[in-house]
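Listed below, chain by chain, are the residues.
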Amino acid sequence: MDSRPIAVPAFAKINWSLRILSKRADGYHEIDTVLQTISLHDTITFEATDDESIRFRCGDRSIPTDERNLVWRAAVALRERYSINRGVKISLEKRIPSEAGLGGGSSNAAATLMALLHLWQIEMSPNDLLAIAGELGSDVPFFLHGGTARATGRGNVIEPLGDAPETPLLIVKPNASVSTASAYAALNSRALTTPDSKPILFRSQPSDFSASLDLNTLQNDFEPVVLQHEPEIERAKVALVKSGARAAMLSGSGSAVFGIFENQDAQERAIQAIELEAGWRAFPCKTVGRSHYETALGPAGELIARVFSENAGA
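Residues numbered from 1 in each chain as written. Predicted model: local features only at pLDDT ≥ 70, side-chain atom pairs only at ≥ 80, totals over all residues. Heavy atoms only, no water.

**Considering the overall build of the protein**
What the protein contains, in helices and strands, is 9 helices and 11 strands. Within the protein, the fraction of its 314 residues that count as buried is 54%. Accessible surface computed for the protein: about 14100 Å², of which carbon and sulfur atoms make up 46%. (Helix = DSSP H or I, 4+ residues; strand = E, 2+ residues; numbered from the N terminus. Buried < 20%, exposed > 50% of the residue type's maximum accessible area, 1.4 Å probe, protein only. Areas by Shrake-Rupley, 256 points an atom, 1.4 Å probe, with all protein chains shown as cover.)

In structure tokens, the structure reads:
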């Protein structure tokens, strides 16, 4: 086993589109969404230990460091599934805001799975890896792929797409917080879309994603109900548009909103121009394609890319 510490970035995500189709028999909702990794990220450091303990710390005291955290649960799931007799020290440097619809917890879980597969030298099939990821959370399987991808089912069935063009973004996190459970509770039957909804955002085939983002097809079914219940989030969206964003939209179930900019100059002008209310935070960033995603993850990313490529060629 590799005893050298490794540091892994855990990237946030936005939803280019999010359609809520219907309520499932298992209590989840059937969704159809196009996800995108972005450069805003947490950093997680892992160091294998000779004992069997999992020691987890985070500088943000609002973040739990026990079984309530997906990092902890991901480490335990791997150790128990494969009878690993060594522990790990984990340190999380948090930048992605919580309850923002940016997938921070799920990204942390996926980064933990990838890092510990490398650190503990576990051989695992893609199906087993995706099964563990799906048990941890609906968004976790997406973060094993990164880039641009379509997610269906409860969000755990992933179809990697050709990467969207690199796009400057500005994320605004207002003071409001929205839990995923409360966002779903706010949806009523009239807000649900029809099963034939197709969130196709790029005018090209998934195998050749060279076209530009079609802003006319941006849609998030959570947005009408979330903005109605949280006017502060709507003000954040308006602030982005006033600052020069080509378009702005709620990410996931919120409460963060993202603005899309023509180029980096426009993004930088917006950072200077945007009027932030007290307590709001702004995060300039850009989209992250799959190749960049895998490279940034280092040896852990190389391992995951190899696992999935070998499976594709089988």
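**Description of the sheet that holds strand β9 (residues 247–250)**
Reading across from one edge, β9-β10-β7-β11 is the order of the 4 strands in this open sheet, with antiparallel pairing throughout. Edge positions in the sheet fall to β9 and β11 (281–286), since each of these pairs with one other strand and no more. Averaged over all neighbouring strand pairs, the angle between strand axes comes to 20°, with direction disregarded. Note that strand β7 (residues 168–173) and β11 share 6 bridges and pair antiparallel. Residue pairing in the sheet places Leu169 in a bridge with Cys285 of β11. Across the face of the sheet, helix α6 (residues 231–242) comes into contact with β7, β9 and β10 (257–260) while running at roughly 10° to β10. Contacts from helix α7 (residues 264–273) reach β7 and β11, with the element oriented near 25° to β7. (Pairing = 2+ DSSP bridges. Axes fitted to C-alpha atoms, helices over the stretch in contact; angles between N-to-C directions. Contact = heavy atoms within 4.5 Å.)

**Overview of the packing of aromatic side chains**
Counting across every chain of the model gives 3 aromatic pairs. Judged by centre distance (5.5 Å) and plane angle (45°), the ring pair of Phe11 and Tyr293 falls under tilted. Placement of Phe11 in strand β1 (residues 6–23) and of Tyr293 in helix α8 (residues 290–296) is noted, with a sequence separation of 282 residues between them. Relative accessible area serves as the criterion here: at 5%, Phe11 is assigned to the buried category. (Phe/Tyr/Trp six-rings, centres within 6.5 Å; stacked < 30°, edge-to-face > 60°.)

**Examining the pairing of β9**
Neither face of β9 is open: one carries Ala247 and Met249, the other Ala248 and Leu250, and all of them are buried. Both β9 and β10 contribute to a ladder of 4 bridges, which runs antiparallel. Looking at β10, one finds that Leu250 is bridged to Val257.

**Structural notes on the nonpolar core**
One finds Phe46, Leu78, Ile90 and Leu113 to be the most contacted residues of the largest nonpolar core, which totals 53 residues. Here this core takes 9 residues from helix α2 (residues 104–119), the largest share from any one element. The contacts of Phe46, once residues within four sequence positions are left out, are Arg4, Pro5, Ile6, Val8, Val88, Lys89, Ile90, Ala111, Thr112, Ala115, Leu116 and Leu119. (Core = buried A, V, L, I, M, F, W, Y, C linked by side-chain atoms within 4.5 Å.)

**Thoughts on the side chain of Arg154**
Here Arg154 shows up in the loop between β5 (148–152) and β6 (157–161). A distance of 2.9 Å separates a polar side-chain atom of Arg154 from the backbone oxygen of Gly134. Filtering out sequence-adjacent residues up to four positions away, Arg154 remains in contact with Arg24, Tyr28, His29, Ile31, Gly134, Gly137 and Ser138. (Polar contact = N/O pair within 3.5 Å; in protein donor to acceptor, adjacent residues only side chain to side chain.)

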